[in-house]
Each structure stands twice: as structure tokens, then as C-alpha cells.
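Reading the structure
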Amino acid sequence: MSSRALRRLKGEQRAQAALNTLKLTGEDEEEQTKGDTTAHKQKNISNIFELIGEADVDVSVSDEETAERISDIKPGAASLEKDAVKDEKSNKKKKKKKKKALAENGRDNAVPTKKGHNRVLEPQADDLSVGDDIDAFLETLEKKKSISYQSLDNSASENRPVLYVEHRNLNPETELKRYFGVRAVLGDQRSKQRPRQFHRCTWMTVFKDTWPRFSRPGISMSLVESKNGIQHFTFEHNRDYQQVQFKFFDAVESMDPNNFVVLLQLNPYHIDSLLQLSDVCRIQEDQETARDLIERALYSFECAFHPVFSLTSGTCRLDYCRPENRAFYLVLFKHMTFLEKRGCPRTALEYCKLILSLDPDNDPLCMLLIFDFLCLRCREYTTLIRLFEEWEVHRNLSQLPNFSFSVALSYYHLSQREDISPVENHQLKQKSNVLLQNALIMFPGALMPLLDLCTVQPDALVSSHVFFGPSSQIGQPPALSELVALYVGRSHSLWKEAGLMLWLEENVRKVLKRVDSHDPYLEDCQNKRKQRYQSAPRNIHRHVLMSEIKEATATLPLEVTTQPGMGFDPLPPLDSIVSYIRPERQNMGASNEGTLSLFFRSLLPNFNLQGPEDRQEVARAGRELNQEVNRLMVAMRDMLANIQFREPQWENNHERDEEEWD
């Protein structure tokens, strides 16, 4: 039986009870006023509308008495109608809340009809008598609804892919509300009544009133191909945006940040200018402005999305080899970094999943090097373990120092939960011990730098041992040193708990016993270190440059540090796919340029000496420059000529001067 039928039955019971009381009072009055001259019996009134609807009924009551009875009954009927209206309004308010629950309950009790629709099976009349408590029955429906919703959520989370992105987790306010409450996050924003502005609804960021008026900057997205359920997209620049891009390259060559400001005043949503100026503000410790510029670039990208492009499906790809797509990767990475520093690791993890899902095979920004850190920060231990188990076969994640230590740390944190049985606690603890020991044997050079950054003095037995001593760090291949320095510099704060240090000390002693007993696993790990870490791929160097962790940046090879790096495109791929080319300048050689042309080029990067007309312009500019220099020299001469040096006026008291010197 539906909730509407139950409420209707409940209202009928209340109305019937009121009518019964009204009928009893009417019968008492009728018995008192009934005389001996009455020839027929008065019909019992069970419905107040029978007095109006039944004209054929023979009632031996005078018109005056009938009018009196109707006047007595009408107030009661009006009150009943008012109660019915109130009940109906309250039922309408509850209708929306219980609609989903009834729909879920109705699907379970539905059978197909001839037309293909489902018909809800209602309980028999014997199942629900007049005396049954309808409120209790509605409560059971609510309980069934909550149980069904919980089961659906659990089954959905298990069936989702590990890189599934949720829209609500892309908004940092969702996480901040969970930490501090809605009132602390929003404040008085809900009470303020601002003029309604219409902007496009976006998931990653919200348009701010302080931003310039948005107009499409000339970026669009197109679908390249769709194969095997995977859709490949790319961003495109129109001609106007290409001209702005050429001006941006000129501003980069000028090495003047003010040129970016001027360019953004004319084109407030140019992506590369926003990226470059954000880096300048961040270097000047203006974090708020730097983050605001990145959010503006993110909003511009999201407004250019293709209608089919989805952030949550995990089947949309963007090729990093295209320069137009690289800016989107960089904006997402910088936005993720700001979120992590802001104290929103769960939101940052969601953006990490998004970047990784755009190209999981190549991973151009090497997001696997930060995925474990964000999982531990937001306590998503099961997500980290699930990714490790699913990707270990084809990605060999155990050969990365960050995954080897972080997965062991995840098992340890799971073993410390209070809602698990002692048997499960013992199993998780044993698993964490084995994984941590294997990580220490595979990467022995990570222990001493980790203890140093945690300000922990190691035991003399550990520091003097050959396996963990200085030789373990010196003998590391350069690529392994880079990975270890990156993990230690980023994740050392996760190890500063007292309980973790005791657990680490316990397993370090067990590793030393295995080393002294010549465990064959040690030789296997030593061979792997010599063979697999000779040179790091380009995406790892790019990740280290963008992370700006000084311990890891110091280990970069010379071929990376000597290259000119730009914040809007760090370490571009060697196989870049260029869609449009910047027009080359003619007569760029220094041998064909004079001193005056070089001087103008230092002031104006767009200056170009072409043809006789340009030479005449240069000559005219040179004459004007000479005139200005001559005027400046004349002004300097006049200023120097008017300078007068006044001698100090000494008093004519020579005796006093002699006494002072004596």
C-alpha cells in the first residue's frame, strides 16, 4: 500500500471518529425533541451531505426543525473541512521527502502489467485492520528505505573504478564544511541578498564577483576520435587567441612581469599569462592572488568543455603532446597543490585522480608520485591499497619508494582501528610489518634522511651499520636518489607520530637481523637497484620541477637543470604535436644589426629591421633619441653649474679653538 493510501486511510479514521461523536450528539437532541405525534422514524445521519443530496427521503420533520439541525451541524462540518485541508497541506510537504523511499519500496513489490509498466502490490484487507497503527507502519517503511540506501551506497562504491571522480568532492567547500560546519565556512553569505547574476554552472570552480567580465577567450574543445569506449579530445585556439599567444611569447622574452599584467588587462582570461603571473605572485609570497589566477584559468577551461567531455567517466583522454592540452594539465596540478596547502587533502586527491585519468598509461605529470601522499593525508587507506593491488601487475608500483613505504603505512593505520576484531588486527599488523621490512631492504638509503628530517637521533647500532650507513646513500643510482629524495622531502611529516617511530624502530632491528643472517631477498633487491634505476624518464623530472621540493631538485641531472625552463611549459615533450607555428622574425642575426637596432630590440622585443621604410623609421628614431640625449646633457650641465658649495662659518674665537685642541 502506498503512503498516500495510508495517509488517506488515517484521515478517514479521524473524520469517521468525529462524525460518530457528532451523530451521537444529534441523536440525543433528536430524542429530546421527538414528540408522540411523529408518524415515521427519523433516518440516522451518517453523512452530513445526505441532508442535501437525498431529496426523495420522506422525513416527518418540520422545516423549522430541519433548518435548526442544519445550522447545528454546519459549524462541525466546517471545522472538519478545515482539519482536512490542514492535513492535506502537511501531507503535501511530506510527500516529496518520502517519495524516493516509496519508489524504492515499490520496485521491490512491483509486477509487470500488459503494457510493460509496473503495478505495486498492495497488502490485503486482512493485513491492515482499522485498529492497526499506521504510524508504526510508516516508520518501518523509513527503516527499509535507509537500509536499502546504505546497501546501494556500499555496492556502488565497490563497483566504481579506483579513479572514479565525484563532482561534489571537486568543491573544496564540501570538505571545509565537513571540518568546520556550514556556518563557519559560508558565514553571512546566505543572509546577504545580492543582485542575481547568471553565470555558467561549473563543477571545479565558481565565478567570483571580483573577476573581470567573462567573454570567451578563443579556446574550444573538439572530439578527435572515439575508440573502444575511450574518447580522445583536444583543445583548440582560434586565430585571435593565437595572436594573443604570440604577444605572450614576446612578453616572456622581455623578462618583465609588467608585460603580463598589461596583456591580462586586454585579455583577462588568457591561460598562459595567468599561469606565468601566478608563478610571479607565488614567488613574491602573494599566495591569495596566485591561487585566484589559477582558479580563473580553470574557469576559462571549464567553460570551453565539449558537451560530451566528462570529468567523472574516466574514459576521456587528453594528449599531453599537444601544447593546447598541456596548459590544462598544469592548471589542474597547480590548483591541486594550492588545495593541499590550504588544508583540503580530500579535494586535492580528487583532482589527482582527475589528472591521472586523463592519460593513465603515460602519466605525463607522474601523479603516482603524489597519489599515496594525498591518500595518507585524507586517510583514504583503502583507496591506496586498492590502487596498489590493481596496478601492481602492469605498473610495478612496488619499485617506487613512495608506494613501498606508504602501502605499509596504510596497513598499519588500518590495524589501529577500534572497530575491527583482534584476529583482523593481528593480520593487518603482520602485513604492515612484512611490507615495511621489504621497503627498508629495497630502499635502505631512505632511512637516515627520513630520521634526519623527523629530528630523530638514530641508534648507534643502526647508524654505524654498513647496510644503513652513508655507503647506502652514496652507492644509489642517480634516478633512485631522485625518487628517494622526493619521497622523503614530501612525506616526512607523516612519520612524526610517536607510535610510528616505535613501529619503525622495531622493524629496523628485524631488518638488521635479516641482513646479518644473509637473507637471499637482500641480494635480489641489490640486483634490482643496479639494473632498474639508471636513468629516470622525463615525466619524473617534470614532476620534481613542478613540486619544488629542494631535497629532490638538488638531485636533478645537468641536462635538466641547464635547460631554460618556463613556468607555463616545464620540460615539454620531445615529440610535441604543434598545431600552429609562431611567425619567424627576419634579419634576426646580430651581424646584420647595428648597435642602435640592438638597443631598440632590448626595449621592444617586437622591433624588427625590415626594408628601406623600416630603416628610415630607425633613422628618424635615432635622430629623436640623439635630441633627447642632448637635451638631457644640457640640463645636467645647468644643474652642475648652479651647484654652489658654501664654506662653514667658523667663529673668530681662536683662543677657544686652541684650548679645545689642547
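Refer to the structure above for everything that follows.
Residues numbered from 1 in each chain as written. Predicted model: local features only at pLDDT ≥ 70, side-chain atom pairs only at ≥ 80, totals over all residues. Heavy atoms only, no water.

Some points on the packing of helix α5 (residues 172-180) against helix α12 (residues 345-358)
Cut-off, in case you're wondering: Interaxial angle, 0 to 180 degrees, is taken between N-to-C directions of lines fitted to C-alpha atoms, where a helix line uses only the stretch in contact. Only DSSP runs of H or I with at least four residues qualify as helices, and only runs of E with at least two residues qualify as strands; both kinds are numbered from the N terminus onward. Angles are sorted into four bins: roughly parallel if under 35 degrees, roughly antiparallel if over 145, roughly perpendicular if 65 to 115, and oblique for all others. Two helices that cross are described as forming a left-handed crossing if the nearer one is turned anticlockwise from the farther one by less than a right angle, and a right-handed crossing if clockwise. Here a residue-residue contact requires only that any non-hydrogen atoms of the pair lie within 4.5 Å. Side-chain classes are defined by residue name, with Ala, Val, Leu, Ile, Met, Phe, Trp, Tyr, Cys and Pro counting as nonpolar, Asp, Glu, Lys and Arg as charged, and the others, Gly among them, as polar.
At a closest axis distance of 8 Å, the pairing of α5 and α12 adopts a crossing angle of 155°. Our classification of the angle between α5 and α12 gives roughly antiparallel. Relative to α12, α5 is oriented so that their crossing is right-handed. Residues P172, E175, R178 and Y179 of α5 form the contact with α12, whose participating residues are P345, R346 and T347. When grouped by side-chain class, the residues that make up the contact of α5 with α12 number three nonpolar, one polar and three charged.

Quick notes on empty space enclosed by the protein
Which entries qualify depends on this criterion: Think of a 1 Å grid over just the protein atoms. A cavity is a set of points where a 1.4 Å probe fits yet cannot get out, a pocket is an open set with protein on both sides within 12 Å along at least five of seven lines, and lining residues have an atom within 4 Å of a point. Grid points are joined across faces, edges and corners, and a volume is the space filled by probe spheres set on the points.
Evaluation of the coordinates by the stated rule reveals two cavities of 30 Å³ or more. Space inside the largest cavity adds up to approximately 60 Å³. Sorting the residues of the lining of the largest cavity by element identifies α13 (368-377), α15 (401-415) and α20 (478-491) as the ones contributing at least two each. Considering each element in turn, the lining of the largest cavity owes the most residues, five residues, to α20. Partitioned by chemical class, the residues of the lining of the largest cavity number six nonpolar, two polar and two charged.

Topic: the pairing of strand β3 (residues 219-227)
For a regular strand, side-chain orientation follows a simple rule: the groups alternate between the two sheet faces. Definition in use: Each pair of strands is called paired provided DSSP finds at least two bridges between the two strands.
Here β3 runs beside strand β4 (residues 230-237); their pairing, made up of eight bridges, is antiparallel. Paired with K227 across the strands is I230, a residue of β4. In this structure, the hairpin formed by β3 and β4 is closed by a connection of two residues, where N228 is found at a positive phi of approximately 55°.

Description of the sheet that holds β3
On the basis of which strands lie adjacent, the open sheet formed by three strands has the order β3-β4-β5 and mixed pairing. Pairing within the sheet leaves two strands with one partner each, and these edge strands are β3 and β5 (316-318). On average, adjacent strands in this sheet sit at an angle of 35° to one another, irrespective of strand direction.

Concerning the packing of aromatic side chains
Rules: When two rings of Phe, Tyr or Trp (its six-membered ring) have centres within 6.5 Å they constitute a pair, described as stacked for plane angles under 30 degrees, edge-to-face for angles over 60, and tilted for the intermediate range. For every residue, the accessible area (1.4 Å probe, protein chains only) is compared with the maximum for its type, and the residue is labelled buried under 20%, exposed over 50%, or partly exposed between those bounds. The rule for a charge over a ring is simple: NZ of Lys or CZ of Arg within 6 Å of the ring centre, and within 35 degrees of the ring normal.
Across all of its chains, the model carries 24 aromatic pairs by this definition. Aromatic pair F248 and F568: ring centres 4.9 Å apart, planes at 80°, arrangement edge-to-face. Residue F248 is located in helix α7 (residues 239-254), and its partner F568 is located in the loop between α25 (558-561) and α26 (595-603); the two are separated by 320 residues in the primary sequence. Summarising the burial analysis for this pair, F248 and F568 share the class buried. Three or more aromatic residues joined by ring pairs form one cluster here, namely F233, F235, F301, F305, F309 and F328. Positioned above the aromatic ring of Y179 is the side chain of R178, whose terminal nitrogen or guanidinium carbon lies 5.8 Å from the ring centre. Here R326 stacks its cationic end above the ring of Y320, 5.9 Å away from the centre of that ring.

Observations regarding the packing of α13 against α15
Contact pair α13 / α15: the axes reach a minimum separation of 9 Å and the direction vectors enclose 20°. Our classification of the angle between α13 and α15 gives roughly parallel. Here α13 and α15 pass one another in a crossing that is left-handed. Here L368, L369, D372 and L376 of α13 come into contact with α15, specifically with N402, F403, S406, L409 and S410.

Points about the layout of surface pockets
For clarity, the threshold we go by: How far each domain reaches was decided by an automatic or database domain assignment.
Reported here for the second largest pocket is a volume of approximately 1,000 Å³. As for the second largest pocket, its lining consists of 37 residues, and the residues nearest its centre are R282, L545, M546, S547 and E548. At the level of elements, α9 (271-283), α11 (323-342), α13, α20, α23 (538-547), α24 (550-553) and α25 are the ones that each hand at least two residues to the lining of the second largest pocket. The biggest single contributor to the lining of the second largest pocket is α11, with eight residues. Considering only residue class, the lining of the second largest pocket consists of 18 nonpolar, nine polar and 10 charged. Counting residues domain by domain, the lining of the second largest pocket receives three or more from each of domain 1 (176-184 + 200-362) and domain 2 (366-536).

What to know about the pattern of salt bridges
To be explicit about the condition: By definition here, a salt bridge exists when the distance from a side-chain nitrogen of Lys or Arg to a carboxyl oxygen of Asp or Glu is within 4 Å.
One pass over the structure, following the stated rule, counts 21 salt bridges. When the shortest N-O distance is used, the salt bridge between D292 and K208 registers 3.3 Å. You can see D292 sitting in helix α10 (residues 287-302) and its partner K208 sitting in the loop between α6 (182-186) and β3, a full 84 residues away along the chain. For K208, a relative accessible area of 28% gives the class partly exposed. The salt bridge partner of R582 is D250, with a shortest N-O separation of 2.4 Å.

Re the environment of E173
Among the secondary structure elements, E173 is positioned in helix α5. Given a relative accessible area of 30%, E173 falls into the partly exposed group. Those residues in contact with E173 that sit more than four places away from it in its chain are V185 and L186.

A word on the side chain of R282
For R282, the location among the structural elements is in helix α9. Excluding anything up to four places from it in sequence, R282 contacts Q287, A290, F338 and E548.

Some details on the state of the cysteines
For clarity, the cut-off: Only a pair of cysteine sulfur atoms within 2.5 Å qualifies as a disulfide here.
In this structure the tally under the stated criterion is zero disulfides. Distance from the sulfur of C378, which forms no disulfide, to the nearest cysteine sulfur (C375) is 5.7 Å.

Regarding the environment of T562
Test applied: Polar contact is defined as a pair of N or O atoms within 3.5 Å, subject to the rule that within protein one atom must be able to donate a hydrogen and the other to accept it, and that residues adjacent in sequence are counted only when both atoms are side-chain atoms.
Mapping T562 onto the fold places it in the loop between α25 and α26. One polar contact links the side chain of T562 to the main-chain carbonyl oxygen of L558, over a distance of 2.6 Å.

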